[in-house]
Amino acid sequence: MDEQLIAAMDELASLPFAVWFLIGAAMVFFMQCGFAMVESGLTRAKNAGNIIMKNLMDFCIGTVVFMTLGFGLMMAEDYIAGLFGAPNLDIFFKIDDPSVASSFVFNLVFCATAATIVSGAMAERTKFSAYCIYSLIISAVVYPIEAGWVWNAAGWLMGLGYIDFAGSSAIHMVGGITALIGAIFLGPRLGKYKKQKDGSLKSVAIPGHNLAIAALGVFILWFGWYGFNGAAAGDVSQLARIFTNTTIAPAVASVACMIYTWIKNKKPDVSMTLNAALAGLVAITAGCLAVDALGATVIGLCSGILVVIAVEVLDLKLHIDDPVGAVAVHGVNGIFGTLMVGLFSTGGAGGGAGLFYGGGLGLLGVQALGVTAIAAWTVATMTLTFFLIKKLHGLRVSKEEEIKGLDITEHGLVSAYAGFSTTFEDLYDGIDADLGAIVPADAAVPIIVKTDKAVGSDVKMSKVEIVCNESKFDALKEAMNKIGVNGMTITKVMGCGAQKGGTEKYRGADIEIKLLPKIQVEIVVCKVPVRTVIETAKKVLYTGKIGDGKIFVYDVESVVRVRTGEEDYDALQDD
């Protein structure tokens, strides 16, 4: 066959994967949306705009510095001593070369991922300007140099046979370690840890404001991960294998986490299970081509449990405040997944064989060396970076700014949800738990009488004020109508108190009850006996558990019906 024809056929065969390479890059870019949604959903509404801005600028600032410096340091052909490339600005002079342009876009979106991982761990208390400085440094220098070791053909780890196909260590571990360093330099959010009488610190749960948005973000990330892991596949066989492993690991991780938290906490933890899906994705990223389905299953199983342990150790034992679990998901599982390649790699196109597939300890040693080197580089450079930012610029906002929220103090944004009505769920820091032992009705619905006169006269005017659970309103309204009370005023209120009995958990930490959503029902009566109103309300509201509500009774001096001018008794009668 003619050599030109063979070359043409080869080029035609490779064309779909050249296009898929760029489509995969676009899918990775779309993951920025997922990261923004996960982070904003797992934090409080008053900081949502700030989080969106950080995720946007991670990519935009990263683009500017990566094209001017980072891309050359990472992928230049003039690579110095296997350590870094010459910043030759190839993207400005070779944009018509599809290999250069494609490589730039592809590596840029990966760089942005490494940068944005850190945002979640530092959420709700970081100066926006300080974050921009950090983002610039990691995108310009820190990530490009270590990623070049792994993926540049002349990189020293590439030469040793190090396997990190899509970035468990080069991207996720680097982001996770940086997140840990940033969280330590910042310190915890206000109110996250409370000092006990014995001097120990107790972790206080600070639930995110929108778990639905966080869940949608996880699904977007999972979708994008097929491009993240699969974009560099060289043929259909490789792509199918990558897609299979990228599906198995997070699914198994989620099931493992659900069962583990169900047994441990008596209920399956929603936010932790979402984290587990991401942990499985992170852990399989290094070996997505190198391992088989069995290896992906084991990696997913272990990562789903490991993420829970890591979150709780950081929060409950080390008292490092990571609102979204970035360190556990990306840092811990990035290390774990990279090392597992040394055990489960099957050899072949994915690289050398691992210990369990007849390859001995050689590959495991290379993986451990690579993880150690990349981690050491990250710790050294990012510790220096955060130290200098903190000393020269300032890293954390003031207490007043943190309390008000970063949306208003950093961006002049009153609310990221302008135009939407504020619900109690947006403000609520706890749960309206149905807790406590059954108690008598009189204890469950205490009555406080604000009068010196007898209650229950048919002619005296009284206001009955009932504070109860919102779920009881329809039954209360119907019962009041039956006894002749047709007018009432309803107000949504928040009650401050603490439920007795058991506590719920959020990401392993106890949830403290701060504000409980209730309704306040006001009824003014004279013809209907007050005692009848009280007994009717007690009968409807009573469940025998703490939190049924309270009833207050007040004397009313005078009532005027505005429309007719009628006063007192006459003003309270229906037309």
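So, here is what we can say about the structure in this document. (Residues numbered from 1 in each chain as written. Predicted model: local features only at pLDDT ≥ 70, side-chain atom pairs only at ≥ 80, totals over all residues. Heavy atoms only, no water.)

### Considering the overall build of the protein
Point 1. Within the protein one finds 20 helices and eleven strands.
Point 2. Out of the 575 residues belonging to the protein, those deemed buried represent 51%.
Point 3. The long-range share in the protein, meaning contacts at least 24 apart out of those at least 6 apart in sequence, stands at 78%.
Point 4. For the protein, the accessible surface area stands at approximately 25,200 Å², while carbon and sulfur atoms represent 65% of it. (Helix = DSSP H or I, 4+ residues; strand = E, 2+ residues; numbered from the N terminus. Buried < 20%, exposed > 50% of the residue type's maximum accessible area, 1.4 Å probe, protein only. Contact = heavy atoms within 4.5 Å. Areas by Shrake-Rupley, 256 points an atom, 1.4 Å probe, with all protein chains shown as cover.)

### Digging into the packing of helix H8 (residues 211-230) against helix H9 (residues 236-265)
Point 1. Look at H8 against H9: their axes get within 9 Å of each other, and the N-to-C directions meet at 140 degrees. Here H8 lies oblique to H9, going by the angle between them. Seen from above, H8 lies across H9 with right-handed handedness. Residues Trp 222, Trp 225, Tyr 226, Asn 229 and Gly 230 of H8 form the contact with H9, whose own contacting residues are Leu 239, Ile 242, Phe 243, Thr 246, Thr 247, Pro 250 and Ala 251.
Point 2. In terms of residue class, the contact of H8 with H9 is built from eight nonpolar, four polar and no charged. (Axes fitted to C-alpha atoms, helices over the stretch in contact; angles between N-to-C directions. Parallel < 35°, antiparallel > 145°, perpendicular 65-115°, else oblique. Left-handed = near helix turned anticlockwise from the far one by under 90°. Nonpolar A, V, L, I, M, F, W, Y, C, P; charged D, E, K, R; others polar.)

### Focus: unusual backbone geometry
Point 1. In the Ramachandran plot, Leu 89 falls in the positive-phi region, its phi being about 55 degrees despite a non-glycine side chain.
Point 2. Here Leu 89 shows up in the loop between strand S2 (84-85) and helix H3 (90-93).
Point 3. With a relative accessible area of 34%, Leu 89 lands in the partly exposed category.
Point 4. If you check the backbone angles, Lys 266 has positive phi at about 75 degrees while not being a glycine.
Point 5. Mapped onto the elements of the fold, Lys 266 is located in the loop between H9 and helix H10 (270-285).
Point 6. Residue class for Lys 266 comes out exposed when judged on its relative accessible area of 67%.

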